[in-house]
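Survey of secondary and tertiary structure
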Amino acid sequence: MTTAIRETDGEIVRATREMYARLGDRAGFDAHLHPDVTIWESDQPGGLIGLADLDALRDRRTSEPAPPSGPLPVVEVRDPVVDRWEESAVVRYVLHAVAVDGESSFRVTDVLQRNGQEWLIVHHHAEQVGVPANAG
């Protein structure tokens with residue numbers, strides 16, 4: 001394996017921010033996910049899930065205990081760190097969300113593979129933390 005290039009900006013960070021800018025647009029958001037993506041979310045039941053299971057998790061989130069009202073949360077990718085090789089990369093960041101019912105932070109790790117000119121997430125891991133967090 002070649003030596004990793006470490007960066008805190010660049011095409012992978014821009015793609016990650018673009019993905020979250022499409023929050024609420026499932027097709028636009030999912031365009032950043034590999035069709036065979038595996039996912040671990042802190043509020044999901046059971047083990048690894050795939051893209052079809054992600055839709056069920058999203059639907060559950062928006063229906064329990066009551067459908068959300070008001071605007072979508074405003075999310076911000078904070079403190080990104082990318083290790084990139086030729087065709088693969090790992091990006092770690094804090095996803096901070098501000099919603100009508102409060103703030104929350106998630107520690108996120110995404111594993112990506114290059115697909116032509118774009119990077120697609122092949123594994124996503126997000127864990128909610130109790131208070132707003134920093135990656136460092």
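In short, a report on the structure.

Conventions used here
- The residue numbers shown here count from 1 along each chain, following its written sequence.
- Selection of residues for local features in this predicted model requires a pLDDT of at least 70, selection of side-chain atom pairs for listing and counting requires 80 or more, and totals for whole chains, interfaces and linings are taken over all residues.
- The basis for the side-chain values is all heavy atoms of the structure; hydrogens and waters are excluded.
- To qualify as a nonpolar core, a set must consist of buried Ala, Val, Leu, Ile, Met, Phe, Trp, Tyr and Cys residues joined through side-chain atoms within 4.5 Å.
- Only protein chains enter the accessibility calculation, which uses a 1.4 Å probe. A residue is then buried if its area is under 20% of the maximum for its type, exposed if over 50%, and partly exposed in between.
- Strands are runs of DSSP state E lasting at least two residues, helices are runs of H or I lasting at least four, and both sets are numbered from the N terminus onward.
- Contacts were defined at the residue level, with two residues in contact if any of their heavy atoms lie within 4.5 Å.
- Whether two strands pair comes down to DSSP finding at least two bridges between them.
- Axis angles are defined between N-to-C directions and span 0 to 180 degrees, where every axis is a line fitted to C-alpha atoms and, for a helix, only to the segment in contact.

Right, let's get into the nonpolar core. In this structure, Ile12, Met19, Tyr20, Leu33, Tyr93, Leu95 and Leu112 are the most contacted members of the largest nonpolar core, which totals 21 residues. Looking at this core, the elements that each hand over two or more residues are helix H1 (11–21), strand S2 (33–41), strand S3 (74–84), strand S4 (88–99), strand S5 (102–115) and strand S6 (118–129). When sequence neighbours within four positions are dropped, the list of residues in contact with Ile12 reads Val82, Arg84, Ala89, Val91, Leu112 and Trp119.

A word on the sheet that holds S3. Ordered in space as S1-S3-S4-S5-S6-S2, the six strands form an open sheet in which the pairing is mixed. Looking at the sheet topology across the chains shown, the edges are occupied by strand S1 (5–7) and S2. Shown here is a sheet whose adjacent strand axes are inclined to one another by a mean of 20°, direction ignored. Sheet topology places S1 next to S3; three bridges connect them, and they run antiparallel. Bridge pairing in S3 places Glu7 opposite Val82. Across the sheet, H1 is in contact with S2, S3, S4, S5 and S6; its angle to S3 comes to roughly 155°.

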